[in-house]
Amino acid sequence: MSTDTGSTDTDGTGTNGTGTNGTNGTNGTNRDGTNTRSGDGVSWRSFAAAEPGLARGVEERFAAHTHHVLATLRKDGSPRTTGLEVRFVDGELWFGMMPDSLKALDLRRDPRFALQANPGEGTTMGGGDVRISGRAAEVPEEDTGTRSRYAEEVEPPEPFHLFRTEITEVVRTSVEDEKFLVVQVWKPGEPVRTLKRT
């Protein structure tokens, strides 16, 4: 199941934005009118077509564990981190969440997120350390076709929030030859930059 473990919202904020009224990443604006776009994001499919090797490694890294860490922004702008299951389905990276979870309400207010893959046990960084940044747009209840296709694939508990993501950055950090720290950074419209450090 692709659901979160967050608690429910108690302040009643952010409960009616669905990505169609200027409240999240579909037009790059927060509820207060501030700009959230630092660059154009792309679908996971577009990233995978541009950098198939890196995309495959990132997907494998996320598939190695069930729960990962999502960072969102609270109403006051401070960060919130919570656990989340994620799914790569039909060329998209999806977030499924419990009704009115805090992270869902955060994303309705401000679509920006950072997603960190579960590092697993130990300190060997097997498969590398992976982070994805971007924006999330909620799929409205009226889009029954998209929600039904996701539910058929993932079988989440009903009801649920569903967010489609657009990617603004992918970072993979790994160890090479037990000597070099290798950092790969990808952003839309740019080739992968690789940095090696000893």
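Everything numeric here is computed off the predicted structure, so don't read it as measured data.

Draft legend 1. Fine view of the nonpolar core. The biggest cluster of nonpolar side chains holds 24 residues, and the ones touching the most others in it are Trp44, Phe95, Leu115, Ile132 and Val170. Of all the elements in the fold, those that place two or more residues in this core are helix H1 (44–50), helix H2 (52–63), strand E4 (92–97), helix H3 (102–109), strand E5 (112–116), strand E6 (129–138) and strand E7 (161–176). Take this core: its biggest share by element is 4 residues, from H2. Leave out the neighbours within four places in its chain, and isoleucine 132 touches Trp44, Val58, Phe62, Phe88, Leu93, Phe113, Ala114, Leu115, Ile167, Glu169 and Val170. Counting 8 residues, the second-largest nonpolar core is a separate cluster that includes Tyr150, Val154, Phe160 and Leu162.

Draft legend 2. Expanded view of the packing of aromatic side chains. Taken as a whole and assessed by the stated rule, the structure comprises 7 aromatic pairs. One aromatic cluster is present, formed by Trp44, Phe47, Phe62, Phe88 and Trp186 through successive ring pairs. A cation over a ring is seen here: arginine 147 above phenylalanine 160, with NZ or CZ 4.4 Å from the ring centre. Directly above the ring of phenylalanine 180 sits lysine 196, whose terminal nitrogen or CZ lies 5.1 Å from the centroid.

Draft legend 3. Examining the pairing of E4 more closely. Along E4, 6 of the 6 residues are buried, which leaves the element largely enclosed by surrounding structure. Summarising the sheet, strand E3 (residues 86–89) and E4 pair through 4 bridges and their orientation is antiparallel. Among the inter-strand pairings, valine 89 is bridged to a residue of E4, identified as glutamate 92. Taken together, E3 and the strand that follows it, E4, pair antiparallel across an intervening segment of 2 residues, in which aspartate 90 is found at a positive phi of about 55°. Pairing geometry for E4 and E7, over 4 bridges, is antiparallel.

Draft legend 4. A look at the pairing of strand E9 (residues 193–197). Strand direction decides the pairing type here: strand E8 (residues 180–186) and E9, joined by 5 bridges, are antiparallel. Residue pairing across strands places valine 185 opposite arginine 193, the latter belonging to E9. A loop of 6 residues connects E8 with E9, the two strands running antiparallel in sequence, and glycine 189 in this loop sits at a positive phi of about 80°.

Draft legend 5. A look at the environment of aspartate 100. Examined against the element boundaries, aspartate 100 turns out to sit in the loop between E4 and H3. The exposure class of aspartate 100 is partly exposed, given its relative accessible area of 36%. Put simply, aspartate 100 and phenylalanine 160 are 60 residues apart on the chain and 8.6 Å apart in space, counted from C-alpha to C-alpha.

Draft legend 6. Region of interest: the pattern of salt bridges. In this structure the tally under the stated criterion is 10 salt bridges. Counted as one network, the salt bridges with shared partners bring together Arg80, Asp106 and Arg109.

Draft legend 7. Region of interest: H3. Extensive coverage of H3 is indicated by the burial of 7 of its 8 residues. For H3, the set of buried residues is Lys103, Ala104, Leu105, Asp106, Leu107, Arg108 and Arg109. Buried positions along H3 lie against strand E1 (68–73), strand E2 (79–84), E4, E5, E6 and E7.

Draft legend 8. Geometry of the side chain of arginine 80. Within the element layout of this structure, arginine 80 appears in strand E2. Exposure remark for arginine 80: the relative accessible area of 11% places this residue in the buried category. Side-chain polar atoms of arginine 80 contact the side chain of aspartate 106, separated by 2.6 Å. Aside from chain neighbours lying at most four places away, what touches arginine 80 is Leu70, Ala71, Thr72, Arg74, Leu102, Asp106 and Arg109.

Draft legend 9. Helix H4 (residues 144–154), seen in detail. If you check which residues of H4 are buried, you get Thr146, Arg147, Tyr150, Ala151 and Val154. In a view along the axis of H4, the buried residues occupy a sector of 130°, so they form one face of it. Away from its buried face by more than 90 degrees, H4 exposes Thr144, Glu152 and Glu153. Looking at the buried side of H4, the elements it contacts are E3, E4 and E7. A positive backbone phi angle near 60° is found at glutamate 155, which sits one or two residues after H4.

Parameters and conventions
- Residues numbered from 1 in each chain as written.
- Predicted model: local features only at pLDDT ≥ 70, side-chain atom pairs only at ≥ 80, totals over all residues.
- Heavy atoms only, no water.
- Core = buried A, V, L, I, M, F, W, Y, C linked by side-chain atoms within 4.5 Å.
- Buried < 20%, exposed > 50% of the residue type's maximum accessible area, 1.4 Å probe, protein only.
- Helix = DSSP H or I, 4+ residues; strand = E, 2+ residues; numbered from the N terminus.
- Contact = heavy atoms within 4.5 Å.
- Phe/Tyr/Trp six-rings, centres within 6.5 Å; stacked < 30°, edge-to-face > 60°.
- Lys NZ or Arg CZ within 6 Å of the ring centre and 35° of its normal.
- Pairing = 2+ DSSP bridges.
- Salt bridge = Lys/Arg side-chain N within 4 Å of Asp/Glu carboxyl O.
- Polar contact = N/O pair within 3.5 Å; in protein donor to acceptor, adjacent residues only side chain to side chain.
- Arc of directions from axis to C-beta.

The quantities given are spatial measurements derived from coordinates; they are silent on function.
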